[in-house]
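Examination of the molecular architecture
Residues per chain, in single letters:
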Amino acid sequence: MERQQVLYLWANGSALDSGTVGWAVHDGTDGEGPVVPDARPPYANGVAALRDGWMLLQSSQLTAPLPGNEHLNDYLEYEFVFERRVDISDGPS
Amino acid sequence: MTTDHRLTTRQMAEFVANGFIRFDAVVPPDINERGIEEMRRLELERFGPDGLKPPHTGTPLDECYPAPSAIGDYLRLPQIRGIIESFVGANPTFDHDFTHHLTARSTYLQPLHVDAITDSPDTTFDVQLFWYPHDVAPGEGGTRFVPGSHLRRVRSSGLDRYQHILGEQQFAGPAGTVVVFHHGLWHAGQPNPGEGDRWMHKVRLNPTVPQVRLWNTDDLAELQNPPSDHVFARMLPDSVAQILRTMHPWMSITDYRNEQVQRSGLWRYLTGDDTYDVDHYLTRLEGRAALLGSQ
């Protein structure tokens, strides 16, 4: 039986190896899958996550600012979403 | 001789750069002790038919929490009134308050959010005073917040997604500490794994006068940099611009430069100086725009 772990990383640049500035983890295995490093942040960048077995699902598009909004900030801009699919048929890994 | 408790220019600039400023142990122990009891009553009786009620929204602060009231005593402390006056003037109005109570071993985890609704784009602002009437140990229920997040334009629910942001802080400090937030600062309540209840009183205040040079401006001329102050040209070693150049660890370089533009705009409002700038960002664009008008 497969379950999904999802990792969000937000970076300080548009490249996958830009430094991590925000993160979130959602664990569909309910603790039965591999753990996420207990560091802050858990991965220094997206490439480090790839090396730990995460698969890139999506990265944010690069969009030009709307006229008049060039100097306004809102949400964290560079979002990378990863998954790990974990077979939990045999119990905790 | 009366003491001027208003903030300094340096403190105001730090507030503009960070979105908060804290005052450790500024409320004396007797008011803190009575404050916890009053918060307990307010929590129990706020929505009941009788008992202790908060002020009506829009009430002048001077008329809020009449004696006997520990919350009133705290808000009438000269130091606190000096802080409030610096941001929203001597006669602000009450917006709302709330008692935030985390019982011992509470696991409630609030998502990151901003209060109220997405703001209008002008530079006016409210302040929210967070009063912690007892010691808060690290990790034991203090408010989490993201320094420098206050000038971003977001929808509150959109912040739920961020479980952690580099450079975020969780309040910890001695009894009687008051932290003042710009109303736009991202924040969240946290679990309290400690053995004691955690109480906090939050009050939001609205300005009723333009928020222009309300603090103690004795040091303004000394610290105010000229608009030519530019990190890639010449700059003063100790100035408002240096404080407004604070880069928080979660910011991209684009975020950071945009924040400098936003902070400069806020500082223009606060000082009434429409030429103020940091690193030439606004002046450059305004100079070119003026060329179009002169055709």
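Residues numbered from 1 in each chain as written. Chains lettered and ligands numbered in written order. Predicted model: local features only at pLDDT ≥ 70, side-chain atom pairs only at ≥ 80, totals over all residues.

Tallying the contact residues gives 19 residues for chain B and 17 residues for chain A. Elements represented by at least two residues in the side of chain B that touches chain A include exactly strand S5 (164–165) and helix H7 (253–271) of chain B. With five residues, H7(B) is the single largest residue contributor to the side of chain B that touches chain A. Among the residues forming the side of chain B that touches chain A, the class breakdown is eight nonpolar, six polar and five charged. Pairing geometry for strand S2 (residues 20–27) of chain A and S5(B), over two bridges, is antiparallel. Its bridge partner lying in S5(B), A:Gly22 is registered against B:Ile165. (Contact = placed C-beta atoms within 7 Å. Helix = DSSP H or I, 4+ residues; strand = E, 2+ residues; numbered from the N terminus. Nonpolar A, V, L, I, M, F, W, Y, C, P; charged D, E, K, R; others polar. Pairing = 2+ DSSP bridges.)

This part is about the sheet that holds strand S4 (residues 78–87) of chain A. An order of S3(A)-S4(A)-S1(A)-S2(A)-S5(B) is seen for the five strands of this open sheet, with the pairing classed as antiparallel. Of all the strands in the sheet, the pair left with one neighbour each is strand S3 (55–59) of chain A together with S5 of chain B. Across four bridges, the pairing between S3(A) and S4(A) is antiparallel. For A:Ser59, the partnering residue across the bridge sits in S4(A) and is A:Phe80.

This next bit is on H7(B). Residues and elements named next belong to chain B. Taking 1.5 Å per residue as the helical rise, H7 with its 19 residues ought to reach 27 Å, and the 26 Å between its terminal C-alpha atoms agrees with that figure. Burial in H7 covers these residues: Asp255, Asn258, Glu259, Gln260, Val261, Gln262, Arg263, Ser264, Leu266, Trp267 and Leu270. Trailing H7 by a residue or two, glycine 272 shows a phi angle of about 70°, which is positive. (Expected span 1.5 Å × (residues − 1). Buried ≥ 20, exposed ≤ 12 C-beta atoms within 10 Å, placed from the backbone.)

Along strand S7 (residues 177–182) of chain B, six of the six residues are buried, which leaves the element largely enclosed by surrounding structure. Of the two faces of S7(B), the one holding B:Thr177, B:Val179 and B:Phe181 and the one holding B:Val178, B:Val180 and B:His182 are both buried throughout.

What follows is about the packing of helix H1 (residues 9–18) of chain B against H7(B). Residue and element names in this part refer to chain B. Between H1 and H7, the least distance of the axes is 9 Å, while the angle of their chain directions is 145°. As H1 packs across H7, the resulting crossing turns out to be right-handed. Along the contact surface, H1 presents Met12, Val16 and Ala17, while H7 presents Arg263, Leu266, Trp267 and Leu270. Of the residues belonging to the contact of H1 with H7, the class tally is six nonpolar, no polar and one charged. (Axes fitted to C-alpha atoms, helices over the stretch in contact; angles between N-to-C directions. Left-handed = near helix turned anticlockwise from the far one by under 90°.)

Moving on, we get to the nonpolar core. Core analysis: the largest hydrophobic core is formed by 75 residues, its most contacted members being B:Val180 and B:Leu244. When neighbours within four sequence positions are excluded, B:Leu244 is seen to be in contact with B:Ala13, B:Val16, B:Ala17, B:Gln260, B:Arg263, B:Ser264, B:Trp267 and B:Val278. (Core = buried A, V, L, I, M, F, W, Y, C linked by C-beta atoms within 7 Å.)

What follows is about the sheet that holds strand S3 (residues 127–132) of chain B. Residue and element names in this part refer to chain B. Taken in spatial order, the five strands line up as S1-S7-S3-S9-S2 in an open sheet, and their pairing is antiparallel. Two strands bound the open sheet, and with one partner strand each, they are strand S1 (20–23) and strand S2 (93–102). Strand-to-strand twist in this sheet, taken as the mean axis angle between neighbours without regard to direction, amounts to 15°. Note that S3 and strand S9 (residues 198–206) share five bridges and pair antiparallel. Counted as the bridge partner of valine 127 is leucine 205 from S9. Set on the sheet, H1 makes contact with S1 and S7; between it and S1 the angle comes to about 130°.

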